[in-house]
Amino acid sequence: FTYGHADYSNTIREVTALVTNQVADGSIVGLSIALVDGQRVVWQSAFGMADVAQGIPAATDTVYRIGSCSKSFTAIGILQLWEDSLLDLEGPVTNYLADFSQLPRFTNNTPISIRMLLNHQSGIPGDMFNGMFTITPWSGFSALLRQTLAENYPTMPPNTINSYDNSAYVLAGDVIAAVSGATFPAFMQTRILGPLGMDSSSFLCDKAAISNRLARSYSGG
């Protein structure tokens, strides 16, 4: 377990012990891990179960929910459309989502721009938990989010405070769909995941490489 002048034996031993103990005490149901140095995978392993009920152990090619890492891909998509001169980063969100609005609260009437969505500086309430976590994809979430925002107030004036904002990135995904004319998952596949050869990644369980190797999600066991 060496690469170049680096010896990772102690790291691998310590991480293995840590994860093994956390699986044993129930803190982690299943986990796959890879240690990467530059472009080379030095070590990879899997612990626990991918699906407890089905008795399927975790493997090095098990697919997991990626969570907020998806925001980086959304930002890439926005910047691709900017490079294509199809949107303006400084332009108001309403240029692309005409039905986006919030109730008036502040004297600062600065329009919320696309850049503010990406920078977590929009002042939009960050989370709407109704429908945020689902077992199957729900196409109506974006429309419900915009309806809810239209009936509520911003949390702060735009472009004043950095506050982590899931809602803003849902809107950014909707901008991608509106500008490109493609669904958000289709745009991600065509413009990013496909060209990069990321066959085990998608915003839907629409690939055999995903559906055949997908781990169940667990919370508190």
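Heads up: the structure comes first, above all this text.
Conventions adopted
- Residues numbered from 1 in each chain as written.
- Predicted model: local features only at pLDDT ≥ 70, side-chain atom pairs only at ≥ 80, totals over all residues.
- Heavy atoms only, no water.
- Pairing = 2+ DSSP bridges.
- Helix = DSSP H or I, 4+ residues; strand = E, 2+ residues; numbered from the N terminus.
- Core = buried A, V, L, I, M, F, W, Y, C linked by side-chain atoms within 4.5 Å.
- Buried < 20%, exposed > 50% of the residue type's maximum accessible area, 1.4 Å probe, protein only.
- Contact = heavy atoms within 4.5 Å.
- Disulfide = S-S within 2.5 Å.
- Expected span 1.5 Å × (residues − 1).
- Polar contact = N/O pair within 3.5 Å; in protein donor to acceptor, adjacent residues only side chain to side chain.

So what about the sheet that holds strand β3 (residues 30-37)? Which residues, and what values?
Strands sit in the order β3-β4-β5 across an open sheet of 3 strands; the sheet is antiparallel. The sheet is open, and its two borders are formed by β3 and β5 (56-57), each paired with just one other strand. Strand direction decides the pairing type here: β3 and strand β4 (residues 40-51), joined by 8 bridges, are antiparallel. Each residue of the ladder has a partner; that of isoleucine 33, found in β4, is serine 45.

I'd like a rundown of the nonpolar core, residues and numbers included.
Ranked by internal contacts, the top residues of the largest apolar core, which has 31 residues, are Ile78, Phe100, Ile114, Leu117, Leu171 and Met188. In terms of residue count, the dominant contributor to this core is helix α5 (residues 166-180) (6 residues). Filtering out sequence-adjacent residues up to four positions away, phenylalanine 100 remains in contact with Val93, Thr94, Ile112, Ile124, Arg146, Leu149 and Leu171. Residues Tyr8, Ile12, Trp43 and Phe47 belong to the second largest nonpolar core, which totals 7 residues.

Residue-level account of unusual backbone geometry, with values.
Phi at serine 85 takes a positive value of approximately 60 degrees, unusual for a residue other than glycine. Structurally, the position occupied by serine 85 is in the loop between α2 (70-83) and α3 (114-119). If you check the backbone angles, asparagine 159 has positive phi at about 65 degrees while not being a glycine. Secondary-structure assignment places asparagine 159 in the loop between α4 (141-150) and α5.

Kindly report on the state of the cysteines, identifying the contributing residues and their values.
Within the structure shown, the criterion is met by 0 disulfides. Take cysteine 69: it sits in no disulfide, and the sulfur closest to it among the cysteines is that of cysteine 205, at 17 Å.

Give a description of α5 that names residues and reports values.
Between its first and last C-alpha, α5 extends 21 Å over 15 residues, near the 21 Å set by a 1.5 Å rise per residue. All of the buried residues along α5 are Asn166, Ser167, Ala168, Tyr169, Leu171, Ala172, Gly173, Asp174, Val175 and Ile176. On its buried side, α5 packs onto α2, α3, α4 and α6 (184-193). Where α5 starts, the residue carrying a side-chain oxygen 3.1 Å from the main-chain nitrogen of serine 167 turns out to be aspartate 165. Positioned one or two residues after α5, glycine 181 has a phi angle of 80 degrees, which is positive.

Give a detailed account of the environment of aspartate 84, specifying residues and quantitative values.
You can see aspartate 84 is positioned in the loop between α2 and α3. For aspartate 84, a relative accessible area of 36% puts it in the partly exposed group. There is a polar contact of 3.1 Å between the side chain of aspartate 84 and the side chain of arginine 191.

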